[in-house]
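Each chain is listed here by its residues.
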Amino acid sequence: MRAIWKGAVSFGLVSIGVKLYSATEEKDIRFHQVHREDGGRIRYKRTCQVCGEEVTYDDIAKGYDIGGGEMVILTDEDFAELPLSSSRAIDVLEFVPAEQVDPILYNKAYFLEPEGTATKPYVLLRDALADSERVAIVKVALRQREQLATLRVREGVLLLNTMLWPDEIRKPDFGFLDEDLKVRPPELAMASSLIDSMAGEFEPDAFTDDYRAALQEVIDAKVEGREVVQPEEVEEAPAAAVDLMAALKASVERARSARGEAPAGGGGEPTPISAARSAQKKAAEKKAAKAPAKKTAEKKAAPKKAAAKKAAPKKAAEGEKKPAAKKAAPKKAARKTA
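Residues numbered from 1 in each chain as written. Predicted model: local features only at pLDDT ≥ 70, side-chain atom pairs only at ≥ 80, totals over all residues. Heavy atoms only, no water.

1. Points about the side chain of Thr150
Note the following rule: The secondary structure listing takes helices from DSSP runs of H or I that are at least 4 residues long and strands from runs of E that are at least 2 residues long, numbered from the N terminus. Any residue under 20% of the maximum accessible area for its type is buried, any over 50% is exposed, and the rest in between are partly exposed; the area is computed with a 1.4 Å probe on protein chains only. Pairs of residues are marked as contacts when any of their non-hydrogen atoms sit within 4.5 Å.
Along the chain, Thr150 turns up in strand 8 (residues 146-154). On the basis of relative accessible area, Thr150 is assigned to the buried category, the value being 0%. Setting aside anything within four residues of it in sequence, one finds Thr150 in contact with Tyr106, Ala136, Ile137, Val138, Leu159, Leu160, Asn161 and Met163.

2. Observations concerning a nonpolar patch on the surface
Applied cut-off: Only residues whose relative accessible area exceeds 30% and that form no salt bridge are eligible for patches; like-charged ones are grouped when within 9 Å, while nonpolar side chains (Val, Leu, Ile, Met, Phe, Trp, Tyr) are grouped when within 5 Å. Accessible areas in this description were obtained via Shrake-Rupley with a 1.4 Å probe; residue shielding takes into account the shown protein chains only. Here, a salt bridge means any side-chain nitrogen of Lys or Arg that lies within 4 Å of a carboxyl oxygen of Asp or Glu.
A surface patch of nonpolar side chains, amounting to about 370 Å² of accessible area, comprises Tyr64, Ile66, Val72 and Leu74. Of all the secondary structure elements, the ones that give two or more residues to the nonpolar patch are strand 3 (62-67) and strand 4 (70-74). Note on placement: Val72 falls in strand 4.

3. A word on empty space enclosed by the protein
Rule in force here: Think of a 1 Å grid over the protein atoms and nothing else: a 1.4 Å probe that fits but is trapped marks a cavity, an open set flanked by protein within 12 Å on at least five of seven lines marks a pocket, and residues with an atom within 4 Å of a point count as lining. Grid points are joined across faces, edges and corners, and a volume is the space filled by probe spheres set on the points.
In total, this model carries one cavity of 30 Å³ or more according to the counting rule given. Computed from the structure, the largest cavity encloses a volume of approximately 30 Å³. Lining the largest cavity are Asn107, Arg145, Gln147, Met163, Leu164, Trp165 and Glu168.

4. Focus: the pairing of strand 7 (residues 134-141)
For the record, the criterion: Strands qualify as paired when DSSP identifies two bridges or more between them.
Counting buried residues along strand 7, six of its eight residues qualify, which places the element largely inside the surrounding structure. Two elements, strand 5 (residues 89-97) and strand 7, share six bridges in a ladder whose sense is antiparallel. Residue pairing in the sheet places Val92 in a bridge with Val138 of strand 7. Bridge count between strand 7 and strand 8: six bridges; the pairing is antiparallel. Directly across from Val138, in strand 8, lies its bridge partner Ala149.

5. A word on the packing of aromatic side chains
For the record, the criterion: By convention, a stacked pair of Phe, Tyr or Trp rings (six-membered ring in the case of Trp) has centres within 6.5 Å and planes under 30 degrees apart, an edge-to-face pair has planes over 60 apart, and any other such pair is tilted. Look at NZ for Lys and CZ for Arg. If either is within 6 Å of the ring centre and within 35 degrees of the ring normal, a charge sits over the ring.
For the structure shown, the criterion picks out three aromatic pairs. Between Phe11 and Phe95, the aromatic rings sit 6.0 Å apart at their centres with planes inclined by 85 degrees, giving edge-to-face as the arrangement. Placement of the pair is Phe11 in strand 1 (residues 5-11) and Phe95 in strand 5, with a sequence separation of 84 residues. Accessibility expressed as a relative area gives 34% for Phe95, which makes it partly exposed. Between Phe174 and Phe176 the ring centres are 6.3 Å apart and the planes differ by 15 degrees, which places this aromatic pair in the stacked class. Of the residues examined, Phe174 reaches a relative accessible area of 49% and is grouped as partly exposed. Sitting over the face of the ring of Tyr57, Arg46 holds its NZ or CZ atom 4.0 Å from the ring centroid.

6. A word on the pattern of salt bridges
This model, assessed by the stated rule, comprises ten salt bridges. Where Glu26 meets Arg30, a salt bridge forms, and the shortest distance between an N and an O atom there is 3.4 Å. In this pair, the class of Glu26 matches that of Arg30, namely exposed.

7. Notes on the nonpolar core
Note the cut-off: Among buried residues, those of type Ala, Val, Leu, Ile, Met, Phe, Trp, Tyr and Cys that are joined through side-chain atoms within 4.5 Å constitute a nonpolar core.
Ranked by size, the top nonpolar core spans 20 residues in total, and within it Val9, Val18, Ile90, Leu112, Leu151 and Leu160 carry the most contacts. When residues of this core are traced back to their parent elements, those giving at least two are strand 1, strand 2 (14-22), strand 6 (106-114), helix 2 (119-132), strand 7, strand 8 and strand 9 (157-163). With residues up to four places along the chain from it excluded, the contact list for Leu160 reads Leu20, Ile90, Lys108, Ala109, Tyr110, Leu112, Val138, Val140, Ala149, Thr150 and Leu151. The next biggest cluster of nonpolar side chains, apart from the first, holds seven residues, and it includes Val96, Leu105, Ile137 and Met163.

8. A word on helix 2
Here is the rule: By this rule the span expected of a helix is its residue count minus one, scaled by 1.5 Å. The arc in question is traced by the directions running from the helix axis to the C-beta atoms.
Helix length check: helix 2 (14 residues) gives 20 Å between terminal C-alpha atoms against 20 Å at 1.5 Å per residue, within 8%. Every buried residue of helix 2 is accounted for by Tyr122, Leu125 and Leu129. The arc enclosing the buried residues of helix 2, seen along the axis, measures out at 65 degrees, which places them on a common side. Turned more than 90 degrees from where helix 2 packs its buried face, Lys120, Leu124 and Asp131 sit exposed. Phi for Glu133, located one or two positions after helix 2, is positive at around 55 degrees.

9. A short note on the pairing of strand 4
Here five bridges tie strand 3 to strand 4, and the two strands are oriented antiparallel to one another. Following the sheet pairing, Tyr64 is matched in strand 4 by Val72. Adjacent in sequence and paired antiparallel, strand 3 and strand 4 are bridged by two residues, among which Gly68 carries a positive phi angle near 70 degrees.

In structure tokens, the structure reads:
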């Protein structure tokens, strides 16, 4: 890992030199924009909208749009004069219980490593922080911006979590919050039962990014010239159930069956899932019972069809005699004339 910042943790009159390292990394697969025909990389030029000339990084400044087509330009000197008293320090403000910090405030995480001879005071702060079961609220300036953060212990290392400012958290404004919705006690009890049936211990390693794994397989297949294997289709989520209690009962039974547990109440009142399975079983039995009857009927009908086939030639023979009778008629007429 490469340190991205150097400074000191100010803890009372104690100053602890530290290095800052990113504690997380994104594993998302990144792509380049390329020309479809020849795979050439697509490059973007930084051009000025006024004069149309290409601009280098040295000639780029920060501008704040005040509206009406006017822009205030700020240079590096303007930022250098800002009162960032904690520019190279992590100032500990107070120690608070960890549960009082809403997780929505957390932003990014960084590891702190002691620098030089600061190992002993670093370990002292780490152990004292762990014993107090509290987190330190601190202020730190990173990338020319002052940020609120917490210090806590993770796997024997001080972890700095930068935080959002309270005015950066949006307030939820949804219509259903003003509606007077009543939840019946049986529904609440069934929902609680579902939560209990799905309770467990959180183990992060048990979860994987299936989409990224499938995408990596496609890329590897392209590289090796293999045929891309189509991943199994995920079962679609059922449509919203009209009967909330029936859906809750079915969910509880499904969660218990997934764990190998027997349905609640043994052979008690059937749930929608058990009722559906029973109906399917009965339907299959009815089909099996009807099948032999159909075969017997077909066997009985077979001789009749055969008899009909045998009778067909007789009719044909009778049909042949009739034309002969018609031919004889002219002979009789000839005798009368004579």
